[in-house]
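Analysis of the macromolecular model
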Amino acid sequence: MPVETFEYDNRIVRDFAIATIVWGAVGMLIGVIAATQMFLPKLNLGIPQITFSHIRPVHTNALIFAFVGNGIFMGVYHSLQRLCKARMYSDLLGKINFWGWQLIILSAVLTFTNGITTGKEYAELEWPIDILIAIVWVVFAWNMFGTILKRRESHMYVAIWFYIATVVTIGPLHIINSLEIPVSFLKSYPLYAGVQDALVQWWYGHNAVAFFLTTPYLGLMYYYLPKAANRPIFSYRLSIIHFWALIFIYIWAGPHHLLNTSLPEWTQSLGMIFSIMLLAPSWGGMLNGLLTLRGAWDKVRQDPVLKFLAVAVTAYGVATFDGPTLAVKSVNAISHYTDWTIAHVHVGTLGWNGFLTFGILYWLIPRLYNTKLYSKKMAEFHFWIGLLAIFGYVIPMYFGAFIQSLMWKKFGAGGFLLYPNFLETVFPIIPMYIFRAVAGSLYLFGMILCAYNLFRTMRQGKITPDEKAEAPALEKITTEPGKHEFRHRILERKPVLFTLLALIAVSIGGAVEIIPNFVIKSNVPTIASVKPYTPLELEGRDVYIAEGCYYCHSQMIRPFRSETARYGEYSKSGEFVYDHPFQWGSKRTGPDLHRIGSKYPDAWHYNHMHDPASMSPGSIMPPFPWLSEDKIDFKGTPPKIRAMQKLGVPYPDGFDMKVPEEMQKQAEQIAKSLADAGITVEPDKKIVALISYLQRLGTDIKVKTESGQ
Amino acid sequence: MEVMVLLIFFSLLIAIGFLIAFIISLKRGQYDDLYTPSVRMLFDDRDKGKDADKTGES
């Protein structure tokens, strides 16, 4: 075989590396700001764009999709070329991939801060951006498979399999969870409602963790850990086995996010069983990584890169032990809705994703720039301060979670809740929130040191944009010897690519066509007294979603005595059939709201939204004063009603024409009740709609029991 | 809960896709040698010349 000379594209790797560093710092800074508001709620200064519930999705999306996302692209674009002994398939596709992804992130920052959101955690982006994500992802897939097909190394190293799993799975996950009916350019409703929406969302949510935060990073581990330690992976056989086991099990684990809710029991059990099984393949990967370092711990002592990688793999082991534990129903009864989830997630993100990224960056940047790391000492310092930050973050969060959960469940001798006021269970963990913010700042400080160190490294070195390499051409089984070999390869390989793209296209088309039909049919109410929201309540619900209330308030009362005693009747799946999207939430920083309806007078809600501490002294909820100033345009509501009708919500025919006057009527009633309490407010303000929604919440089945008696 | 059908369908589709990929890769001999690939990836083909080694350690 003739030896071919070619060049690796280093420029695209450098671009993604810079994006990783910059977005990492931005995302962590926003995290620290959000964490500070957890104990100083007034720090939002009455500005919606910097309020916790608006910046929380910016924090999560920036770190998952921008920091880790760009980290994935950086690692894949670098290692895939080397593993395939080939330049990336297309420089242009790479550029589209890069700029398209940055555009997505930028639009995420702009839309989320301004309350433009779908209301589904980790899938908050509105429909035009969803489409852009799908396109950019296909571009990435095209570039990746193109490279794999023209590789000069016939064996596909295990890392490549992890990359393939990522690319193939994220596509359908994203598309299925993002199926929505657009109402306007930046507003849509998901096809699914209530319990079905919840299931799809967490099927997606869990697999986003699996195939965005885990599989690609395992691929990176399998490339960079052996490289940095300069020794082969402990067991290549184990890497193959645990890869296939992992991807077959991961996709079924989603329902563990909905344990003890009104999701059907058997679905919960299915999710639980698969989640427990996940422990084996996850620890297979963790042990394989750690055992690679056996006999090389002296190197770890001297090399910050290996230190970062070793802690990353250990954190992966901790997180994947914590995960299956949390997926056990009885453990979940304690952990769910508390900061335990937050702690669990941050072991994964700060430890596994963060430290792996830092390790790779410290290893990669000097090599790209043909120089040494600017300061090894600074990297060492970053390592220790980062490690301290992880402990400082995680331990108080676990501790606080236990304290709070036990307080929620504690009954006194008389058979009543010992802490009936939710706030009483918040005060003891406020010190934990302060610890968390301090630890988060330390981690951010480490990130800034890392950025400085790496930019100095870049300045002192010089990048080789196109790195020369040579490898023998891949041996082909040629049936027609003498024919031009290059053309033959093109002919042979194109059909594969085309079949693949066709398959993707067909399945998207099929999904779009089939899904609406049977999803809509299934949204038939199962509880007769549950009625669709009035137009004003629907607008109020959209305010609830836009303000991000669900980040801190659940709407899902689990069937436990401690919960029914605190909040009221437990939630039934039939109550959510008109909820596009579902708003069950995943965290109770504040109390559950499913039975908040008619619990307090309208004026209480008004004052509470304006300044929560005035109604609940010591409350850590941020004030939302703009709600009593911003208006709702009642003329914008009819299209929403029509969209809901399309989704199968049984508003009568021609109802949309009557919407503005219906809204005016209900709004004036609320304005009047507020006026009676001495509050003057125009009926078309957002707060009025929000109050109408809050007062409706969970009341439908109360009516039923009253009339049944 | 009709949406279950959808999720199971797509989950199975993905799983079967990977199963086929696994069988094909097995038949093509991707897993015949479970040692050499782990060592081969350690060798870089960067500029055989001048400063290749010096740049390595950071």
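Just so it is clear, the model here is predicted, and its values are computed rather than measured.

1. A few points about the overall build of chain B
Across its full length, chain B holds 2 helices and 0 strands. When burial is assessed residue by residue, chain B has 38% of its 58 residues classed as buried. Counting only carbon and sulfur atoms, one obtains 65% of the accessible surface of chain B, whose full area is about 3,700 Å².

2. Some words on the pattern of salt bridges
All names here are of chain A. In total, this model carries 28 salt bridges over all chains according to the counting rule given. When the shortest N-O distance is used, the salt bridge between aspartate 542 and lysine 640 registers 2.9 Å. Taken together, the residues aspartate 542 in helix α17 (residues 535–546) and lysine 640 in helix α21 (residues 637–646) connect sequence positions 98 residues apart. Each of the two residues, aspartate 542 as well as lysine 640, counts as buried. Connected through salt bridges with shared partners, the residues Asp9, Arg11, Arg87, Asp91 and Asp466 form a single ionic network.

3. Quick look at the side chain of A:Thr147
All names here are of chain A. Note on placement: threonine 147 falls in helix α4 (residues 127–149). Among the polar contacts listed, one links the side chain of threonine 147 to the backbone oxygen of asparagine 143, at a separation of 2.6 Å. Setting aside residues no more than four positions away along its own chain, threonine 147 makes contact with Leu80, Cys84, Ala86, Arg87, Met88 and Tyr89.

4. Describing helix α2 (residues 52–84) of chain A
Residues and elements named next belong to chain A. With 33 residues, α2 should cover 48 Å at 1.5 Å per step; its first-to-last C-alpha distance of 45 Å lies within 8% of that length. With respect to burial, α2 is a largely interior element, 33 of its 33 residues being buried. One or two steps after α2, the chain reaches lysine 85, where phi turns positive at roughly 50°.

5. A closer look at helix α23 (residues 686–696) of chain A
Residue and element names in this part refer to chain A. Taken across its 11 residues, α23 has 10 buried, putting it largely inside the fold. Three or more residues of α23 are buried, namely Ile687, Val688, Ala689, Leu690, Ile691, Ser692, Tyr693, Leu694, Gln695 and Arg696. Backbone geometry just after α23 places glycine 698 at a positive phi near 70°.

6. Here's the deal with the confidence of the model for chain A
Residue and element names in this part refer to chain A. Here chain A shows a mean pLDDT of 90. Residues at 70 or above account for 92%. Of the regions scoring below 50 in pLDDT, residues 477–485 engages in 4 contacts with residues more than four places distant in sequence or in other chains. Here residues 704–709 scores under 50 on pLDDT; set against residues more than four positions off or in separate chains, the count is 2 contacts.

7. Section: unusual backbone geometry
Residues and elements named next belong to chain A. Following histidine 580, the chain continues to proline 581 via a peptide bond in cis, the omega torsion being -5°. Within the fold, proline 581 resides in the loop between α18 (561–567) and α19 (602–610). Positive phi, normally seen in glycine, also occurs at asparagine 230, with a value near 55°. With respect to the element layout, asparagine 230 can be found in the loop between α6 (194–229) and α7 (236–250). Residue classification places asparagine 230 among the exposed positions, given a relative accessible area of 54%. Positive phi values are uncommon outside glycine, yet asparagine 260 reaches one of about 65°. Relative to the helices and strands, asparagine 260 is located in the loop between α7 and α8 (265–277).

8. What about the interface of chain A and chain B?
Listed per partner, the contact involves 59 residues of chain A and 38 residues of chain B. Between chain A and chain B the total buried area reaches about 4,400 Å² when both faces are included, carbon and sulfur atoms providing 70% of it. Our enumeration of links across chain A and chain B arrives at 1 salt bridge. In this structure, B:Arg40 engages A:Glu153 in a salt bridge whose closest nitrogen and oxygen atoms are separated by 2.8 Å. The interface formed by chain A and chain B holds 8 residue pairs in polar contact (both at pLDDT 80 or more) in total. Top element by residues in the side of chain A that touches chain B is α6(A). It accounts for 9 residues. Here the side of chain A that touches chain B is composed, by residue class, of 37 nonpolar, 9 polar and 13 charged.

9. Some thoughts on the pairing of strand β2 (residues 180–184) of chain A
Residue and element names in this part refer to chain A. When β2 meets strand β3 (residues 187–190), the two strands line up antiparallel, connected through 4 bridges. Bridging across to β3, serine 184 finds its partner in lysine 187. Counting the residues in the hairpin turn of β2 and β3 gives 2 residues.

10. Brief notes about the nonpolar core
All names here are of chain A. Core analysis: the biggest nonpolar cluster contains 231 residues, and Trp101 and Phe358 have the highest contact counts within it. For this core, the element with the most residues is α6, which contributes 22 residues. Apart from the residues within four sequence positions on either side, phenylalanine 358 is in contact with Met28, Phe67, Phe308, His382, Tyr443, Met447 and Cys450.

11. Some remarks on the environment of A:Val311
Its location among the elements puts A:Val311 in helix α11 (residues 304–326). Excluding residues within four positions of it along the chain, A:Val311 makes contact with A:Phe355, A:Phe383 and A:Leu387.

12. As for empty space enclosed by the protein
Any space left empty among the atoms is revealed by the rolling of a water-sized probe across them. Residues and elements named next belong to chain A. Applying the stated rule across the entire model yields 12 cavities of 30 Å³ or more. Each pocket or cavity is described by its volume, and for the second largest cavity that value is around 230 Å³. Lining the second largest cavity are 19 residues, with Phe65, Tyr122, Ile133, His174 and Tyr204 sitting closest to its centre. Here the lining of the second largest cavity gets 4 residues from one element, more than from any other, and that element is helix α3 (residues 91–113). For the lining of the second largest cavity, a count of residues per class yields 14 nonpolar, 3 polar and 2 charged.

13. Observations concerning the packing of α2(A) against α4(A)
Residue and element names in this part refer to chain A. Running from N to C, α2 and α4 point in directions that differ by 15°, and their axes come no closer than 10 Å. The angle between α2 and α4 places the two elements in the roughly parallel class. Pair α2 / α4 crosses with left-handed handedness. Here Phe73, Val76, Tyr77, Leu80 and Cys84 of α2 come into contact with α4, specifically with Trp137, Phe140, Asn143, Met144, Thr147 and Ile148. Of the residues belonging to the contact of α2 with α4, the class tally is 9 nonpolar, 2 polar and no charged.

14. Overview of the layout of surface pockets
Residue and element names in this part refer to chain A. Space inside the second largest pocket adds up to approximately 820 Å³. Those elements giving two or more residues to the lining of the second largest pocket turn out to be α2, α18 and α19. At 4 residues, the largest contribution of residues to the lining of the second largest pocket is made by α19. When grouped by side-chain class, the residues that make up the lining of the second largest pocket number 22 nonpolar, 12 polar and 5 charged.

The rules we used
Residues numbered from 1 in each chain as written. Chains lettered and ligands numbered in written order. Predicted model: local features only at pLDDT ≥ 70, side-chain atom pairs only at ≥ 80, totals over all residues. Heavy atoms only, no water. Helix = DSSP H or I, 4+ residues; strand = E, 2+ residues; numbered from the N terminus. Buried < 20%, exposed > 50% of the residue type's maximum accessible area, 1.4 Å probe, protein only. Areas by Shrake-Rupley, 256 points an atom, 1.4 Å probe, with all protein chains shown as cover. Salt bridge = Lys/Arg side-chain N within 4 Å of Asp/Glu carboxyl O. Polar contact = N/O pair within 3.5 Å; in protein donor to acceptor, adjacent residues only side chain to side chain. Contact = heavy atoms within 4.5 Å. Expected span 1.5 Å × (residues − 1). pLDDT = per-residue confidence, 0-100. Buried area = accessible area lost by both parts, 1.4 Å probe. Nonpolar A, V, L, I, M, F, W, Y, C, P; charged D, E, K, R; others polar. Pairing = 2+ DSSP bridges. Core = buried A, V, L, I, M, F, W, Y, C linked by side-chain atoms within 4.5 Å. 1 Å grid on protein atoms, 1.4 Å probe; cavity = no way out; pocket = protein on both sides within 12 Å on 5 of 7 lines; lining within 4 Å. Points joined across faces, edges and corners; volume = space filled by probe spheres on them. Axes fitted to C-alpha atoms, helices over the stretch in contact; angles between N-to-C directions. Parallel < 35°, antiparallel > 145°, perpendicular 65-115°, else oblique. Left-handed = near helix turned anticlockwise from the far one by under 90°.

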